[in-house]
Amino acid sequence: QLQLVESGGGLVQTGGSLRLSCAASGRTFSSYTMGWFRQAPGKGREFVAALSWSGGNTKYADSVEGRFTISRDNGKNTVYLQMNSLKPEDTAVYYCAASRYSIVVVSTQAYDYWGQGTQVTVSS
């Protein structure tokens, strides 16, 4: 089992920034592809960003490309999501997830472990 705990969410104004963190424990964190997803009220869970185990490959949703940056520190068993230029449509619960796939994947079904989520609210 791999346990994931997100933190760093909160309320921010349009144009502001937040950095989400996801701390992992249990199994070998460094062997997992890590992803961030989000779910807005009344909507399905959508892909935001993903990062390979080495950090060498990344993928972003079109809606966040150029504004969000995913990174990881395998020494600290932590993955981050730096969110800049936030918009009201970024409001959602953000989830961290881990996949045993060695490539960057975007489907929720490819992820094996999930955190409990952290709320991000962007006010207009």
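Residues numbered from 1 in each chain as written. Predicted model: local features only at pLDDT ≥ 70, side-chain atom pairs only at ≥ 80, totals over all residues. Heavy atoms only, no water.

Quick word on the pattern of salt bridges
When the charged atoms of two side chains with opposite charge come close together, those side chains can pair. To be explicit about the condition: Every case where a carboxyl oxygen of Asp or Glu lies within 4 Å of a side-chain nitrogen of Lys or Arg is listed as a salt bridge. Strands here are runs of E lasting at least two residues and helices are runs of H or I lasting at least four, both read from the DSSP assignment and numbered beginning at the N terminus. Only protein chains enter the area calculation, which uses a 1.4 Å probe; residues under 20% of their type maximum are buried, those over 50% are exposed, and those in between are partly exposed.
The tally for this structure, following the rule as stated, stands at four salt bridges. Between R100 and D112 there is a salt bridge whose closest N-O contact spans 2.9 Å. In this pair, R100 sits in the loop between β9 (92-99) and β10 (113-114) while D112 sits in the loop between β9 and β10, placing the two residues twelve residues apart along the sequence. Taking the relative accessible area as the measure of exposure, R100 reaches 56% and is therefore exposed. Note on D112: relative accessible area 30%, which makes it partly exposed.

Digging into the state of the cysteines
Stated precisely, the cut-off is as follows: The definition used for a disulfide is geometric: two cysteine sulfur atoms within 2.5 Å.
If you walk through the whole model with that rule in mind, you get one disulfide. Paired through a disulfide, C22 and C96 show a sulfur-sulfur distance of 2.1 Å. Here the S-S torsion is close to -75 degrees, and the disulfide linking C22 with C96 is therefore left-handed. Remark: C96 occurs in strand β9 and C22 occurs in strand β3 (residues 18-25); sequence separation between them is 74 residues.

Quick look at the packing of aromatic side chains
Selection rule: Pairing of aromatic rings covers Phe, Tyr and Trp, the last through its six-membered ring, and needs centres within 6.5 Å; plane angles under 30 degrees mean stacked, over 60 mean edge-to-face, and all others mean tilted.
The tally for this structure, following the rule as stated, stands at five aromatic pairs. For the ring pair F37 and Y111, a centre distance of 5.0 Å and an interplane angle of 80 degrees mean the geometry is edge-to-face. Here the residue F37 occupies a position in strand β4 (residues 33-39), and Y111 occupies one in the loop between β9 and β10, the gap between them amounting to 74 residues. When the ring of F37 is compared with that of W114, the centres are 5.0 Å apart and the planes differ by 55 degrees; the resulting orientation is tilted. A residue pair is termed long-range when its members are at least 10 positions apart, and F37 in strand β4 and W114 in strand β10 qualify at 77 residues.

With respect to the sheet that holds β3
Definition in use: For two strands to be treated as a pair, DSSP must find no fewer than two bridges joining them. Note on geometry: axes are lines fitted to C-alpha atoms, helical ones only across the stretch in contact, with angles between N-to-C directions running from 0 to 180 degrees.
Sheet architecture is open: four strands sit in the order β1-β3-β8-β7, paired in antiparallel fashion. One side of each edge strand has no neighbouring strand; the edge strands of this open sheet are β1 (3-7) and β7 (68-73). The mean angle between the axes of side-by-side strands here comes to 15 degrees, regardless of whether they run parallel or antiparallel. Both β1 and β3 contribute to a ladder of five bridges, which runs antiparallel. The residue bridging S7 from the neighbouring strand is S21, located in β3.

Considerations on the pairing of β7
Here β7 shows one buried face, formed by F68, I70 and R72, and one open face, formed by T69, S71 and D73. As judged from the six bridges shared by β7 and strand β8 (residues 78-83), these two strands associate in the antiparallel manner. Each residue of the ladder has a partner; that of I70, found in β8, is L81. In this structure, the hairpin formed by β7 and β8 is closed by a connection of four residues, where N77 is found at a positive phi of approximately 55 degrees.

Describing the side chain of R38
Worth spelling out the cut-off: Under the rule applied, a polar contact is a pair of N or O atoms within 3.5 Å (in protein, one hydrogen donor and one hydrogen acceptor; residues adjacent in sequence only if both atoms are side-chain atoms). Contacts between residues were defined by any pair of non-hydrogen atoms, one from each residue, lying within 4.5 Å.
Assignment of secondary structure puts R38 in strand β4. Engagement of the side chain of R38 in a polar contact is seen with the side chain of Y94, the distance being 2.9 Å. If we skip the residues at most four places from it in the chain, R38 touches G44, R45, E46, V48, S63, V64, F68, E89, D90, A92, V93 and Y94.

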